Amino acid sequence: MKTILTGDRPTGRLHLGHYFGSLENRVKMQYDYDTYILIADVQALTDNFNNPKKVRDNVREVALDYLAAGIDPKQSHIYIQSLIPETAELTVYFSNLVSVSRLFRNPTTKFEVAQKKELFGNDGESITYGFLGYPVSQAADIACVNANIVPVGEDQLPHLEQAREIVRKFNKIYGDTFNEPEAVLSKNPRIKGLDGNEKMSKSLNNCIYLSDDEETITKKVMDAKTDPNKLRKDDPANPDICMVYYYHQLIKNPNIEDVCSECKKGERGCVFCKKELARNIIEFLKPIQERRKYYEDRPDEVDRILKEGTEATKKKAEEVMKRVRENMKLDYFE
Ligand code: TRP
C-alpha cells in the first residue's frame, strides 16, 4: 500500500476552500492508502513564533475540522508535527542539500518574501532563517514517513518540487533511502471566494467556515458577487462570472442545469438564487457540523485520536530515521 502525507498549518478553522480544495479528496483517498495527516504546528510557528497560544488553540480546531469533514481515525493517522522530533533531525540533514539561493527562488517563498517586505519593511529583517527553510522542513515531514504521494493545493507545488530535489540528492549521495514523493493536485486545486477573489482565504476575509452557523452563512452568501451587468431580477445574466453559480456547482446542486438556464433567460433573481445556495450550503454542512459537535463534546476522544495518530507516525519515523543514520554513517554504537 502506498503512503500519503499531507496536512495544514493550525492557524485557523478550516473553510469551504479547504474542503473542496483538499479535504474532500483526502477523505476519499484514505481508504486506499496508508494516510498520515499532519497538523503542522512547527511550520505555523515560522510565521507565528510570537503567538504560541494561537497555534496551540488551532491544533484542536483543525483536528475537529478534520474529524468533522470525514477523516476517519481508523483509516488515517492524524498527528502533531512537533511531537515527531525525527522531523527536526532530518531537517538539519536535509538543510545541507539545498542552497540558500534555491530557497529564495522557490515561487511560493518568493511571493511570501515580497508580502513580508511589504508588511514589515524592505530591509529583510522579517525574513527569518526558519521561514526561509520551511520548505526543507516540509520535505522532512514527507520523507520521515517515506511518503509516495502528497495531495496538495496549487501553492504547495513548488515545495513539492523542492522536496523531490532534496530527496533525489540525498539518495544519490547516501544511497537509496527515500521514495521520490509525487504531488497530487485535487480536481479543484484553488477555490475562489464568494467575493470574486481568486482564492477563498482567511487573510482575504472571504471564507465560509465549516463551523459557521446558519445566520452567518446566509449573510455571507447574500453578499456574494454576481454578474455586475444584472441590475434587475429579470435581467438575463452570465452565470460564468457569478460566484453564486460557481458555488452551486461546487456543492453539486442537483438542479444546476435549471439554475444556469433560468439565469441566462432572466427567469431567476439573484436574491432567490442566493437564498437557495445558502440553504444548500447549510444542508451540505449539517452532517459535518453534527460530527464536529460529537467530537467537541468528547475532548478526551479527540486527545486519544491525536495521541494514537502521533504514536503511529513516530513508529514509522523511527524506522525511517534508523535507515537514514545508517546510510549517513551516523549509526554510532548500534
Ligand atoms: N505547507 C502546508 C500549508 O501551508 C502545510 C504542510 C506542512 C504540509 N508540511 C507539509 C503539506 C507536508 C503537505 C506536506 O498548509
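**A closer look at the overall build of the protein chain**
Move 1: Secondary structure assignment for the protein chain yields 14 helices and five strands.
Move 2: What you see for the protein chain is a C-alpha radius of gyration of 22 Å, in line with the 20 Å of a compact globule of 334 residues.
Move 3: A principal-axis box enclosing the C-alpha atoms of the protein chain has dimensions of 80 × 45 × 35 Å.
Move 4: The buried share of the protein chain, reckoned over its 334 residues, is 51%.
Move 5: Look at the contacts in the protein chain between residues 6 or more apart in sequence, and 77% of them connect residues 24 or more apart.
Move 6: Roughly 17100 Å² of accessible area belongs to the protein chain as shown, and the carbon and sulfur atoms make up 51% of that amount.
Move 7: For the protein chain, the centre of its 51 positive side-chain charges and the centre of its 54 negative side-chain charges are spaced 2 Å apart.

**Some words on the pattern of salt bridges**
Move 1: Applying the stated rule across the entire model yields 30 salt bridges.
Move 2: The salt bridge partner of Arg292 is Glu61, with a shortest N-O separation of 2.7 Å. Linking Arg292 in helix α13 (residues 270-296) with Glu61 in helix α3 (residues 52-69), this pair joins segments that are 231 residues apart in sequence. With respect to burial, Arg292 and Glu61 carry one shared label: buried.
Move 3: Asp297 is the salt-bridge partner of Lys293, the closest N and O atoms lying 2.7 Å from each other.
Move 4: Beyond isolated ion pairs, a larger network of salt bridges with shared partners links Arg13, Glu61, Asp65, Arg292 and Glu296.

**Examining the environment of Glu61**
Move 1: With 48 residues separating them in the primary sequence, Glu61 and Arg13 have C-alpha atoms 5.8 Å apart.
Move 2: If sequence neighbours within four positions are ignored, Glu61 has contacts with Arg13 and Arg292.
Move 3: Of the polar contacts made by the side chain of Glu61, one reaches the side chain of Arg292; its length is 2.7 Å.

**Side note on the environment of Ala140**
Move 1: Within the secondary structure, Ala140 sits in helix α8 (residues 134-144).
Move 2: Residues Ala140 and Phe94 lie 46 residues apart in sequence; the distance between their C-alpha atoms is 7.4 Å.

**Observations regarding the side chain of Thr6**
Move 1: Mapped onto the elements, Thr6 comes out in strand β1 (residues 3-8).
Move 2: For Thr6, a relative accessible area of 4% puts it in the buried group.

**A word on the domain arrangement of the protein chain**
Move 1: Its domain assignment divides the protein chain into domain 1 (3-192 + 299-327) and domain 2 (214-292).
Move 2: Taking only C-alpha atoms, the centre of domain 1 and the centre of domain 2 are 34 Å apart.
Move 3: Across the boundary between the two partners, domain 1 contributes 16 residues, which contact 12 residues of domain 2.
Move 4: When the two sides are added together, the surface that domain 1 and domain 2 hide from each other amounts to roughly 1200 Å², 61% of it contributed by carbon and sulfur.
Move 5: Between domain 1 and domain 2 we count three salt bridges in total.

**Let's talk about the site of the ligand**
Move 1: The full set close to the ligand counts 14 residues, and Arg9, Gln43, Gln138, Asp141 and Gln156 are the nearest of them.
Move 2: Within the side chain of Arg9, a nitrogen or oxygen atom sits 3.4 Å from an oxygen atom of the ligand.
Move 3: In the model, a nitrogen atom of the ligand is placed 3.0 Å from a nitrogen or oxygen of the Gln138 side chain.
Move 4: Mapped by element, the contributors of at least two residues to the shell around the ligand are β1, α8 and β4 (149-152).
Move 5: Grouping the constituent residues of the shell around the ligand by class yields six nonpolar, five polar and three charged.

**Focus on helix α4 (residues 85-94)**
Move 1: Buried within α4 we find Glu86, Thr87, Leu90, Thr91, Tyr93 and Phe94. Taken down its axis, α4 places every buried residue within 160° of arc, on the same side.
Move 2: Buried positions along α4 lie against α8, α9 (157-174) and α14 (299-327).

Calculation notes
Residues numbered from 1 in each chain as written. Predicted model: local features only at pLDDT ≥ 70, side-chain atom pairs only at ≥ 80, totals over all residues. Heavy atoms only, no water. Helix = DSSP H or I, 4+ residues; strand = E, 2+ residues; numbered from the N terminus. Rg over C-alpha atoms; globule rule 2.2 N^0.38 Å. Buried < 20%, exposed > 50% of the residue type's maximum accessible area, 1.4 Å probe, protein only. Contact = heavy atoms within 4.5 Å. Areas by Shrake-Rupley, 256 points an atom, 1.4 Å probe, with all protein chains shown as cover. Lys, Arg positive; Asp, Glu negative; His and termini not counted. Charge placed at Lys NZ, Arg CZ, Asp CG, Glu CD. Salt bridge = Lys/Arg side-chain N within 4 Å of Asp/Glu carboxyl O. Polar contact = N/O pair within 3.5 Å; in protein donor to acceptor, adjacent residues only side chain to side chain. Domains from an automatic or database assignment. Buried area = accessible area lost by both parts, 1.4 Å probe. Near = heavy atom within 4 Å. Nonpolar A, V, L, I, M, F, W, Y, C, P; charged D, E, K, R; others polar. Arc of directions from axis to C-beta.

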